[in-house]
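Summary of structural features
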2 protein chains.
Amino acid sequence: MYLILYDITETPIRTKVAKLLEKEGYERIQFSVFIAPFNPSKNRLWLKLEKLLATTKDNKIFCLKITEENFYKIKTIGKFEIDLDYLSGNKSSLII
Amino acid sequence: MYLILYDITETPIRTKVAKLLEKEGYERIQFSVFIAPFNPSKNRLWLKLEKLLATTKDNKIFCLKITEENFYKIKTIGKFEIDLDYLSGNKSSLII
């Protein structure tokens, strides 16, 4: 699993990044945190993100790989309406 | 490594959570993201976080374990002033 987190001050850029991530199949699990079972280097997503941030200074994006085992051991406090099987790609349709 | 991420709307609670995490030795790597090489279940930190959020509804805290290997493969865009050896506990003093 790949977790993408960002700290972006400019709203227009933050919106573009969020839309790009959603378009590429990443699920938002928190305001500035997305997750998906595929590597952002695939289909040049990481290059696109670098381009979006190229003109700015203080913005940051991190990507961390998480083993599926650790992903399933996620600890949560508060409402956590996320289908781990769907997010990890072990289930193709989301049951709402 | 343990990554703690939160989405907390009330500023007073968010401040208390951040101070508690810093007091327990977690390093802030992003506005609402902290990391440390120890499990938050240790020294009852997770219980303390649950208590802080008990009176609220829409707030969330996640904790994800990250292997040291994956932590060192972190991908970044933007300024990333973080000493991976220090954060992972492989070096005791931080060189600034």
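Keep in mind the model is a prediction, meaning the values are calculated, not measured. (Residues numbered from 1 in each chain as written. Chains lettered and ligands numbered in written order. Predicted model: local features only at pLDDT ≥ 70, side-chain atom pairs only at ≥ 80, totals over all residues. Heavy atoms only, no water.)

With that settled, consider the overall build of chain A. Scanning chain A from terminus to terminus reveals four helices and five strands. For 96 residues, the compact-globule estimate of 2.2 N^0.38 gives 12 Å, and chain A sits close to it at 14 Å. Going through the 96 residues of chain A one by one, you find that 45% of them count as buried. A fraction of 58% describes how many contacts in chain A between residues 6 or more apart in sequence connect residues 24 or more apart. Computing the positive centroid from 16 side-chain charges and the negative centroid from 12, chain A places the two 5 Å apart. (Helix = DSSP H or I, 4+ residues; strand = E, 2+ residues; numbered from the N terminus. Rg over C-alpha atoms; globule rule 2.2 N^0.38 Å. Buried < 20%, exposed > 50% of the residue type's maximum accessible area, 1.4 Å probe, protein only. Contact = heavy atoms within 4.5 Å. Lys, Arg positive; Asp, Glu negative; His and termini not counted. Charge placed at Lys NZ, Arg CZ, Asp CG, Glu CD.)

Let's shift gears to the nonpolar core. By size, the foremost hydrophobic cluster in this structure holds 27 residues, and its most contacted members are Leu3(A), Leu5(A), Ile29(A), Phe71(A), Leu3(B), Leu5(B) and Phe71(B). For this core, the secondary-structure elements that each account for two or more residues are β1 (2-7), β3 (33-36), β4 (60-65) and α4 (84-87) of chain A together with β1 (2-7), β3 (33-36), β4 (60-65) and α4 (84-87) of chain B. The residues touching Leu3(B), leaving out its near neighbours within four places in the chain, are Leu3(A), Leu5(A), Leu64(A), Ile29(B), Val33(B), Phe34(B), Ile35(B), Phe62(B), Cys63(B), Leu64(B) and Ile66(B). (Core = buried A, V, L, I, M, F, W, Y, C linked by side-chain atoms within 4.5 Å.)

Let us look at the pairing of β4(A). As paired elements, β1(A) and β4(A) share six bridges and run antiparallel to each other. The residue bridging Leu5(A) from the neighbouring strand is Phe62(A), located in β4(A). Examined bridge by bridge, β4(A) and strand β5 (residues 75-77) of chain B share three bridges and lie antiparallel to one another. Residue pairing across strands places Ile61(A) opposite Ile77(B), the latter belonging to β5(B). (Pairing = 2+ DSSP bridges.)

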